[in-house]
Amino acid sequence: MTPPPRTRRRVVPDADLLPVDPHRLPPPSAWFAPDAERHLLDRPRHCPQCGASLVDGRSITTEYWMADDRVFFTWCGSCHWTGTIVPVERVTTTEPEH
Amino acid sequence: MLTVEQNEELTRVGPGSPMGELLRRYWYPIAFVQDFDDRLAKSVRLLGENWTLFRSPGGRYGIVLEACPHRRASLTYGIVDDEGVRCGYHGWKFDFAGQCIEQPAETDNSNFRARVRTKSGQAREMGGLVWVYVGPDPVPELPRFDVFVQDGVRDVGYSTLPCNWLQIMENSVDPHHVEWLHGAYFEFLGQTQGFEAPKSFQRRHMQVAFDEFEYGIIKRRILEGHSEDDDDWKIGHPLVFPFYMRVGGAGIDQMQIRVPIDDTTTWKLFYSLHHPEGGRWEPQERPVVYEYHWRRPDGTFITDYVEGQDVMAWVSQGPVTDRSQEHLGKSDAGVAMLRKMFKENLRRVQEGEEPLGVVRTPHEVIELPCEKNKFGAGAAFAEQWITGGSMRYSPIQQLLLDLHRDAAAKDAAAGRA
């Protein structure tokens, strides 16, 4: 059976529902401001190796997309871990023929 | 996608900014030796500051802030001698270290001059370019990258572009743009405007890779029909941190130089060394320099040559592209890696460490890895590069074509081609 298509979680751009973000966002009048807001506010916030903050200005995460995946190329300014973080919304496995 | 704050951190180059502090750890070319054929001082701008670059009658180069500390008049319109430069307005004189050594209108017993010092840097000539260092002590070695010091015929294309230098650097870790901007788009222009676009750039990218090394990032690609045994993958070519890219092929080696003039201006040089195997050339006293054109009088971009296409892509993003509005894909992984490299080295400088690629060891030459057989095009690549790139503006274009054709003919006669 074909699984239903995945849908992305929507972040409602309501200040009360969003976590406090320490970084400046594009001005509301900018073309892609709601999109940018969504992508900046739900990016990884802690290093998977040492747990340090990734959003305190000491580290950098650059998001790029690969098919349905959002890939965060990450460098931790505390432990210098470099790698990618990919949020998973569905785990898909393929059963080999047997 | 970055925050506005991250974008500003990566693109602001003025004094006191984090990136400005990092970039001040490196030497930059800022003039040509021929600029001083008919004058001893020139105004230049680098990293958001205005400077007076001067050459003493004895041949020593110096650089100090342009505004005289006295009443802010330009030192470029001063009197240059072997001790330094004297302001034309009231005669204050500054040595090569920026120390005020004379104030003719002040009383002789005053210690006023001892307390006046202007910002200065180091300046030297290499490869026909005047290089300056305006960062903190200790002054690093001027890196003698191969292209600047090896023998061959040199020509240097230059232009001043109204965009931030990082936009150009990110292009260096973006292999896929080649098959589109210089491949499909070039072919489209050729078909619609009636010229033959070069074919070397049209091959599809099958695999790309990026490796960090001691001077930056080595970029590798496998094009359709090629394998890991081809130069483009086996050797690749480097982005040299933080403002160069080294490219080459078919007897041409080139350093692409992106000098950050200020936040929104970049001096963009194509420094080419032509030395095909079997080629013969006369010794050159200095490189031939020429300006390449990228915009028509009506403001539209000139895109019927490779670098003109690049300039369109860099400049049309705006003076400082808004990276909070971008949407990167997996083909932009090299861009993400470069931003990480900048961030990592910003931190190193903030913590008092040496950033990547600062050279402290005296040396004769630094040889950089760079493919010889570019895009698998063989000797034909030289011809396509000279006629389809910015070298079409070179006053020695025909000489260069003859040099490469003669060398290719000798290779063919010897059975090497």
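Keep in mind that what you see is a predicted model, and the values were worked out from it rather than measured. (Residues numbered from 1 in each chain as written. Chains lettered and ligands numbered in written order. Predicted model: local features only at pLDDT ≥ 70, side-chain atom pairs only at ≥ 80, totals over all residues.)

### Here's the deal with the overall build of chain B
Here is the rule: A run of H or I in DSSP becomes a helix once it reaches four residues, and a run of E becomes a strand once it reaches two; helices and strands are each numbered from the N terminus. For a compact globule the rule gives 2.2 Å times the number of residues to the power 0.38, and the radius of gyration it is set against comes from C-alpha atoms. Buried residues are those with 20 or more other C-beta atoms within 10 Å of their own C-beta, exposed residues have 12 or fewer, and partly exposed residues lie in between; C-beta atoms are placed from the backbone. We call two residues in contact if the C-beta atoms placed from their backbones are at most 7 Å apart.
Secondary structure summary: chain B contains 10 helices and 19 strands in total. Computed over its C-alpha atoms, the radius of gyration of chain B comes to 23 Å, within 12% of the 22 Å expected for a compact globule of 417 residues. With respect to the three principal axes, the spread of C-alpha positions in chain B is 80 × 50 × 50 Å. The buried share among the 417 residues of chain B stands at 45%. Excluding contacts between residues fewer than 6 apart, the proportion of contacts in chain B whose partners are at least 24 apart in sequence is 61%.

### Focus on the domain arrangement of chain B
Residues and elements named next belong to chain B. What counts is decided by this rule: Throughout the structure description, domain borders are defined by an automatic or database domain assignment. All amino acids are sorted into three groups, where Ala, Val, Leu, Ile, Met, Phe, Trp, Tyr, Cys and Pro are nonpolar, Asp, Glu, Lys and Arg are charged, and the leftover types, Gly among them, are polar.
Taken as a whole, chain B is organised into domain 1 (27–133) and domain 2 (146–413). Here the C-alpha centroids of domain 1 and domain 2 sit 33 Å apart. Taken together, the contact between domain 1 and domain 2 spans 13 residues of the former and 13 residues of the latter. No other element matches strand β1 (residues 28–32), which puts 4 residues into the side of domain 1 that touches domain 2. Class assignment for the residues of the side of domain 1 that touches domain 2 results in 8 nonpolar, 4 polar and 1 charged.

### Topic: the confidence of the model for chain B
Rules: Per residue, pLDDT measures the predictor's confidence, with a range of 0 to 100.
This prediction gives chain B a mean pLDDT of 94; 99% of its residues lie at or above 70. With a pTM of 0.90, the predicted complex shows an ipTM of 0.75.

### Examining the sheet that holds strand β5 (residues 79–81) of chain B
Residue and element names in this part refer to chain B. We apply this condition: Strand pairing is assigned whenever DSSP identifies at least 2 bridges connecting the two strands. Axis lines are fitted to C-alpha atoms, over the contacting stretch for helices. Their N-to-C directions set the angle, which ranges from 0 to 180 degrees.
Pairing is antiparallel in the open sheet, where 4 strands are placed in the order β5-β6-β7-β8. With partners counted over all chains shown, the strands left at the sheet margins are β5 and β8 (100–102), one partner each. Mean inter-strand twist for the sheet, computed between neighbouring axes without regard to direction, equals 30°. Sheet analysis places strand β7 (residues 93–95) next to β8, joined by 2 bridges and oriented antiparallel. Its bridge partner lying in β8, K93 is registered against E102.

### Here's the deal with the pairing of strand β12 (residues 205–213) of chain B
Residues and elements named next belong to chain B. Taken together, the 8 bridges between β12 and strand β13 (residues 216–223) define a ladder with antiparallel strand orientation. Paired with H205 across the strands is L223, a residue of β13. The antiparallel pairing of β12 with β13 creates a hairpin that spans 2 residues between the two strands.

### Side note on helix α5 (residues 177–193) of chain B
Residues and elements named next belong to chain B. Convention followed: At any given residue, the bend is defined as the angle formed between two axes, one fitted to the seven residues that end at that position and one fitted to the seven that begin there.
The sharpest bend along α5 comes to roughly 30°, located at F186. Within the span of α5, buried status applies to V178, H182, G183 and F186. Buried positions along α5 lie against α7 (306–315). Backbone geometry just downstream of α5 places G194 in the positive-phi region, at approximately 80°.

### Brief notes about the nonpolar core
Residues and elements named next belong to chain B. Basically, it comes down to this: Put simply, a nonpolar core is a cluster of buried Ala, Val, Leu, Ile, Met, Phe, Trp, Tyr and Cys residues tied together by C-beta atoms within 7 Å.
The biggest cluster of nonpolar side chains holds 87 residues, and the ones touching the most others in it are I30, L46, L53 and V132. Ranked by the residues each element gives to this core, the list is headed by helix α8 (residues 333–350), at 8 residues. No fewer than three residues from each of domain 1 (27–133) and domain 2 (146–413) sit in this core. Not counting residues within four places of it along the chain, the set of residues in contact with L46 comprises Y28, I30, W51, V132, V134, V259 and I261. Membership of the second largest hydrophobic core comes to 16 residues, among which are I222, A250, W385 and L400.

### Digging into the packing of α5 of chain B against α7 of chain B
Residue and element names in this part refer to chain B. Here is the rule: Orientation categories follow fixed angle ranges, with anything under 35 degrees roughly parallel, anything over 145 roughly antiparallel, 65 to 115 roughly perpendicular, and all other angles oblique.
One way to put it is that α5 packs onto α7 with a least axis distance of 10 Å and a crossing angle of 110°. Relative to α7, α5 is oriented roughly perpendicular. The residues of α7 that touch α5, namely those facing L181, H182, Y185 and F186, are V306, Q309 and A313. Here the residues of the contact of α5 with α7 sort into 5 nonpolar, 2 polar and no charged.

### Comments concerning the interface of chain A and chain B
Each partner contributes to the interface: chain A provides 21 residues, whereas chain B provides 21 residues. When residues of the side of chain A that touches chain B are traced back to their parent elements, those giving at least two are α1 (33–41), β1 (60–66) and β2 (69–75) of chain A. If one sorts the elements of the side of chain A that touches chain B by residue count, β1 of chain A sits on top with 6 residues. Considering only residue class, the side of chain A that touches chain B consists of 13 nonpolar, 5 polar and 3 charged. Strand direction decides the pairing type here: β1 of chain A and strand β19 (residues 328–329) of chain B, joined by 2 bridges, are parallel. Across the sheet, the residue bridging to W65 of chain A is G329 of chain B, located in β19 of chain B.

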